[in-house]
Amino acid sequence: MEPRQLRYFVTVAEELHFGRAADRLHIVQSAVSQQVQRLERELGADLFDRSPRHVRLTGAGERLLPEARAVLAAAERARAAVREQTGLRLGTSTGLGEHLDRLLGDLAVLAPDTSVQLVSAPARDRLEQVADGRLDAAFVRSLEPAPGVRILPLWKDPLVAALPAAHPLARETELAISDLAGLRLCITARRNNPALVDLVVGACHSAGFEPLPAPVGGSLQNTLATIGAGSIPMWTVVYAAHARVLLSPRVAFRPFRAPGLALPIGLAVRRETPPAALEVLLQALTALPTGNDHEN
C-alpha cells in the first residue's frame, strides 16, 4: 500500500468522479483508475461502486476513507518534523489586493525574522494542503466547513461588474443586477468556485431573470479581453480590490447598487494543532479593516 494510492483514493472519494479527481491531481484519468484498482486488489475489496452514471463509495471504501486521511496526515507531520522550518506557508488567491499588501507589511514589522512563502492554488487544493500540513494557513472565499480544517472569518470582499467600456451601461456610476439582464454572463464553472457562482446567479434570480450564459474564456485575462472586444455584449464579476489594479481600457468596472454583492473571506487553519507561526499571522490580521468602508 503506497501513500500515492491512498491520496488518489481519497481524492476520488471526495470528488466521486474519476475525471474530476484526475484534474485535481494534475494527472491522466487512467493513472488514477489503475492505482485505485491496484489498491483494491491489495486490500481484496472493492472501494467504489462504479456505474456509467455514478461513482459511490462501498462500505469498505467508507471505512477506509478516515484511515487513509489519517495516514496521509501522519506522513506529512513526519516530513514536517524533520525539514527545516522556513517560515510561514500561506495559501493565497487572486483579488486579495491591498489586504495582502497590508498583511505582509504588518508581518514584517511584527516578526521581521519570519519569512512568508505565498502559494497560489485552487481553493480545494488550498484546503487539502492546510489539512495535511503542506500549508500553515490559506485564504478562502467561503466560510463553509471542510474536512480537517476550520475557517476563521476575516472580512467581506465586494464585487464589481466588468462590462464593455463601449456599452451604454458603462456610463452609469453604479449598476443594479437587473440592468445586466440583456447581457451574457461569463463566469467560471460552479465546481471551480461554488460560493461565487451561487452568489451571482442567486442575485440574478432574485432580480427576476435567468442569466444568459456566455463561453468561459479560461483565465480572467482572457475573459476580460473577450468582454472588451464587445462582439457579444457580456459581463462578469471581479473582486473590487483586484479591479483597482487591472489595466483594461476596453473594460469598465462598475460597483453594484446597495446592498451590492460581497463574498466573505476566511482563513483556513488545521482543525488540530495549528502551527505556532499562526500566532503572529493572526495578530497581523487583527490590524486589517474588516468592514467595507475601505473598499468604497
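Just so it is clear, the model here is predicted, and its values are computed rather than measured.

Asks: Could you give an account of the packing of aromatic side chains, naming the residues involved and the relevant values?
Replies: Taken as a whole and judged by the stated rule, the model has 3 aromatic pairs. When the ring of Phe-139 is compared with that of Trp-155, the centres are 6.0 Å apart and the planes differ by 45 degrees; the resulting orientation is tilted. With Phe-139 in strand S5 (residues 137–140) and Trp-155 in strand S6 (residues 149–164), this residue pair connects regions lying 16 residues apart in the sequence. Trp-155 carries the same exposure label as Phe-139, and that label is buried. Among the aromatic residues, ring-to-ring pairing joins Phe-9, Phe-18 and Phe-48 into one connected group. Residue placement shows Arg-141 over the ring face of Tyr-239; its charged tip is 3.4 Å from the ring centre.

Asks: I'd like a description of the environment of Arg-24, backed by residues and values.
Replies: Assignment of secondary structure puts Arg-24 in helix H2 (residues 18–25). On the basis of relative accessibility, which here comes to 11%, the residue Arg-24 falls in the buried class. Taking the C-alpha atoms as reference, Arg-24 lies 8.5 Å from Arg-124; in sequence the two are 100 residues apart. Aside from chain neighbours lying at most four places away, what touches Arg-24 is Thr-11, Glu-14, Glu-15, Asp-125 and Glu-128. Among the polar contacts listed, one links the side chain of Arg-24 to the side chain of Glu-14, at a separation of 2.5 Å.

Asks: So what's going on with the environment of Trp-155? Residues and values would help.
Replies: Residue classification places Trp-155 among the buried positions, given a relative accessible area of 4%. The sequence separation of Trp-155 and His-99 amounts to 56 residues, and the corresponding C-alpha distance is 9.8 Å.

Asks: An account of the nonpolar core is requested, with residue identities and associated values reported.
Replies: Counting 24 residues, the largest nonpolar core has Leu-180, Leu-196, Trp-235, Val-237 and Phe-256 as the members making the most contacts within it. Elements with a minimum of two residues in this core: S6, helix H7 (194–206) and strand S9 (234–239). Among the elements that take part in this core, H7 stands out by supplying 5 residues, more than any other. Not counting residues within four places of it along the chain, the set of residues in contact with Phe-256 comprises Leu-159, Val-160, Ala-161, Leu-175, Ile-177, Leu-180, Trp-235, Val-237 and Leu-261.

Parameters at a glance
- Residues numbered from 1 in each chain as written.
- Predicted model: local features only at pLDDT ≥ 70, side-chain atom pairs only at ≥ 80, totals over all residues.
- Heavy atoms only, no water.
- Phe/Tyr/Trp six-rings, centres within 6.5 Å; stacked < 30°, edge-to-face > 60°.
- Helix = DSSP H or I, 4+ residues; strand = E, 2+ residues; numbered from the N terminus.
- Buried < 20%, exposed > 50% of the residue type's maximum accessible area, 1.4 Å probe, protein only.
- Lys NZ or Arg CZ within 6 Å of the ring centre and 35° of its normal.
- Contact = heavy atoms within 4.5 Å.
- Polar contact = N/O pair within 3.5 Å; in protein donor to acceptor, adjacent residues only side chain to side chain.
- Core = buried A, V, L, I, M, F, W, Y, C linked by side-chain atoms within 4.5 Å.

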